[in-house]
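Here are the chains, one letter per residue:
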Amino acid sequence: MLLEITSHGSFIGKKGQCIKITCGGEKLKEVPVVKLTEIIVSASTSISSDAVKLLAENGVPVLFMGGGKPVALLHGFFMHGTVLTRREQITAYGDERGTHLAKAFVDAGMTNKHRLLNYFANSRRRTDPKVAEGLETATQEIKRVQEKLGEINGLIMENRYELMGLEAEATRIYYQALRLILPEEIRFQRREKRPPRDPFNAALSLGYTILNSRVLAAVTACGLEPFAGFLHADRSGKPSLVLDLSEEFRQPVVDRTAISMFTQGTLTAKDFEHTGGRLQFSEQAKRRYIEAILNRLENEGKQGEDKTSLENMIFHQAREIARYLLGKSQRYTPYTFEWWGTTGGENQSE
C-alpha cells in the first residue's frame, strides 16, 4: 500500500506497530506498517524519530517531493547491498556488460511501446479500422528501428549517443501514434516535461514519478547504486540507473493507465487547472489517477513462467541486474509485458 501525504502541516508519527498521520490535531489515517510499501510526501510535513525507526525496520521508504519532483528518499541502512555489487556495477560501465544492459533497457522499451500500440489497435479493428491501421503502421515502424539495435557493439561510452538516438526515434513514432487515440480536447502534441503543457503530459509526469520511486526503492534494496546508470548519462542529482530500469515499466504501468483513463473519459481536460504557471490535477482527479496507477502495480505481471505483481516484478528485475553484474547469470533479460494478442493473458476491454 502506498500512502501519499498531501496536507500541509501533517505529522507522521508512530502508534504501536502503526504509522499515524495527523494534521492540526486531527487523525487523518492510521495504517499498520506491515501493509505499507512506501510513503510519498508532497506537502510540508514533520516526522518523528520513532516513526523513522519503525519504517526503516520494516523496509518502507519515504519519498519527499518538491515541485512535482523527488528531492529526497529516506530508508534504512539494511536496504543497502554489498560493496561488491556496487564495485561490479561501476566496473561494468567500462566493459561489455554496460552495453548489454543499456541495449536491454532500450530493447524492452521499444517492445513495450509497439505492444501497447498493438494492444489498443486490437480493440479498435472493428470500431475504427482506420485508427487501428495507423497504430499498426507505427508498430511496424518501431520494430524497424528496433532491428538496428543489433548493429550496436563495443563500449557504452562509445555508443550511447547512437543508442539514445534510436530510442528517441522510436519514442517519437510512439507518441505521434498516441495522438490517433487520445481525445482532441487533451491537445496532446508531443512529450513535454518541464512544465507539462497538456493533461496527458501532466499525467505521464506524475505517473513516472510514482514509478521511479518504486524503482529507486528496488535498486537500493538490491545493493545497486541508483546514480550510476548505463543508458542515461551521469549527472549530479540524476538517478540514472533508476531511469534505466524504469524504461521497462513505463508502458505497462503508467502509459497504459493514463491512455485508458483518457480514452474512457475517467480523466478529462476538466480535471486539470493552471496554477502558478503549471498545469495540475484537481485533488479528486489526482487521487483517482494515483489509485489507478497503484492498482496497475498490484496487477499480475509475467516474465516467462513467473507470475507476480508488476510491483514485485520491479524488484525481481533489480535483483536480476545485480545477479548479472555479479556473474551469477550469463545475460540480463528485461521485462516486457504480455497480452493475449502477443503471447497471452489479458482481456481487451480498454
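Residues numbered from 1 in each chain as written. Predicted model: local features only at pLDDT ≥ 70, side-chain atom pairs only at ≥ 80, totals over all residues. Heavy atoms only, no water.

Novice: Honestly, the layout of surface pockets in this entry has me stumped. Any pointers?
Specialist: The method is simple in principle: a probe with the dimensions of a water molecule rolls over the atoms, and the space it marks as empty is what remains. The computed volume of the second largest pocket comes to approximately 510 Å³. Around the second largest pocket, the lining comprises 20 residues; the ones closest to its centre are Leu2, Leu3, Glu4, Lys29 and Arg287. Mapped by element, the contributors of at least two residues to the lining of the second largest pocket are β1 (2–5), β4 (26–32) and α9 (283–298). Broken down by element, the lining of the second largest pocket gets its largest block of residues, nine residues, from α9. By residue class, the composition of the lining of the second largest pocket is eight nonpolar, four polar and eight charged. (1 Å grid on protein atoms, 1.4 Å probe; cavity = no way out; pocket = protein on both sides within 12 Å on 5 of 7 lines; lining within 4 Å. Points joined across faces, edges and corners; volume = space filled by probe spheres on them. Helix = DSSP H or I, 4+ residues; strand = E, 2+ residues; numbered from the N terminus. Nonpolar A, V, L, I, M, F, W, Y, C, P; charged D, E, K, R; others polar.)

Novice: When you look at the pairing of strand β3 (residues 18–23) in this model, what are you seeing that I'm missing?
Specialist: The pairing of strand β2 (residues 10–15) with β3 spans six bridges and is antiparallel. In the sheet register, Lys14 faces β3, and the bridge partner there is Ile19. The sheet contact formed by β3 and β4 spans six bridges and is antiparallel. Considered in β4, the bridge of Thr22 is made with Lys27. (Pairing = 2+ DSSP bridges.)

Novice: Help me understand the pattern of salt bridges in this model?
Specialist: Evaluation of the coordinates by the stated rule reveals 13 salt bridges. We note a salt bridge from Lys15 to Glu30, for which the minimum N-O separation is 3.9 Å. Here Lys15, found in strand β2, pairs with Glu30, found in strand β4; they are 15 residues apart in sequence, far enough to count as distant. Between Lys27 and Glu30 there is a salt bridge, with its nearest N and O atoms 3.8 Å apart. Residue class for Glu30 comes out partly exposed when judged on its relative accessible area of 30%. (Salt bridge = Lys/Arg side-chain N within 4 Å of Asp/Glu carboxyl O. Buried < 20%, exposed > 50% of the residue type's maximum accessible area, 1.4 Å probe, protein only.)

Novice: Please clarify how helix α5 (residues 156–178) should be interpreted in this entry.
Specialist: The periodicity of an α-helix, 3.6 residues per turn, causes residues three or four positions apart to be oriented the same way. Its 23 residues give α5 an end-to-end C-alpha distance of 31 Å, which sits within 8% of 33 Å, the value for a rise of 1.5 Å per residue. If you look at α5, its biggest bend is around 25 degrees, right at Glu162. (Expected span 1.5 Å × (residues − 1). Bend = angle between axes of the 7 residues up to and from the residue.)

Novice: I would appreciate a short explanation of the confidence of the model for the protein in the present structure.
Specialist: Do not read the fine detail of predicted coordinates wherever pLDDT is low. In this model, the protein carries a mean pLDDT of 87, and residues with pLDDT of at least 70 account for 91%. Per-residue pLDDT stays below 50 along residues 340–349; that stretch engages in 20 contacts with residues further than four places along the chain or on separate chains. (pLDDT = per-residue confidence, 0-100. Contact = heavy atoms within 4.5 Å.)

Novice: Looking at this structure, how should I read the packing of aromatic side chains?
Specialist: When we look at a pair of aromatic rings, we describe it by the centre distance and by the angle of the planes. Inspection of the entire model under this criterion finds 10 aromatic pairs. Measuring from ring centre to ring centre gives 5.2 Å for Tyr174 and Tyr175, while their planes differ by 55 degrees; the resulting arrangement is tilted. Per residue, the accessibility class of Tyr174 equals that of Tyr175, and both read buried. With a centroid separation of 6.0 Å and an interplanar angle of 70 degrees, the aromatic rings of Phe200 and Phe262 are classed as edge-to-face. Linking Phe200 in helix α6 (residues 199–221) with Phe262 in helix α8 (residues 250–264), this pair joins segments that are 62 residues apart in sequence. For Phe200, a relative accessible area of 0% puts it in the buried group. Among the aromatic residues, ring-to-ring pairing joins Tyr174, Tyr175, Phe188, Phe200, Phe262, Phe272, Phe281 and Tyr289 into one connected group. The positively charged end of Lys113 is found above the aromatic ring belonging to Tyr174, 5.8 Å away from the centroid. Above the plane of the ring of Tyr208 lies Arg250, whose end atom (NZ or CZ) is 4.3 Å from the centre. (Phe/Tyr/Trp six-rings, centres within 6.5 Å; stacked < 30°, edge-to-face > 60°. Lys NZ or Arg CZ within 6 Å of the ring centre and 35° of its normal.)

Novice: Which parts of the structure should I look at to understand the state of the cysteines?
Specialist: Note: disulfide means a covalent bond formed between the sulfur atoms of two cysteine side chains. Applying the stated criterion across every chain, the model contains zero disulfides. Summary of cysteine pairing: Cys18 is not part of a disulfide, and the nearest cysteine sulfur, belonging to Cys23, is at 20 Å. According to the relative accessible area criterion, Cys18 is buried, its value standing at 18%. (Disulfide = S-S within 2.5 Å.)

Novice: Got a minute to help me understand helix α2 (residues 83–92) in this structure?
Specialist: Where α2 is concerned, the buried positions are Thr85, Gln89 and Ala92. Down the axis of α2, the buried set is contained in an arc of 70 degrees. They therefore lie on one face. The outward face of α2, more than 90 degrees from its buried face, is lined by the exposed residues Val83, Arg87 and Ile90. Tucked into the core, α2 has its buried residues touching α3 (96–122), α7 (240–246) and α10 (310–325). (Arc of directions from axis to C-beta.)

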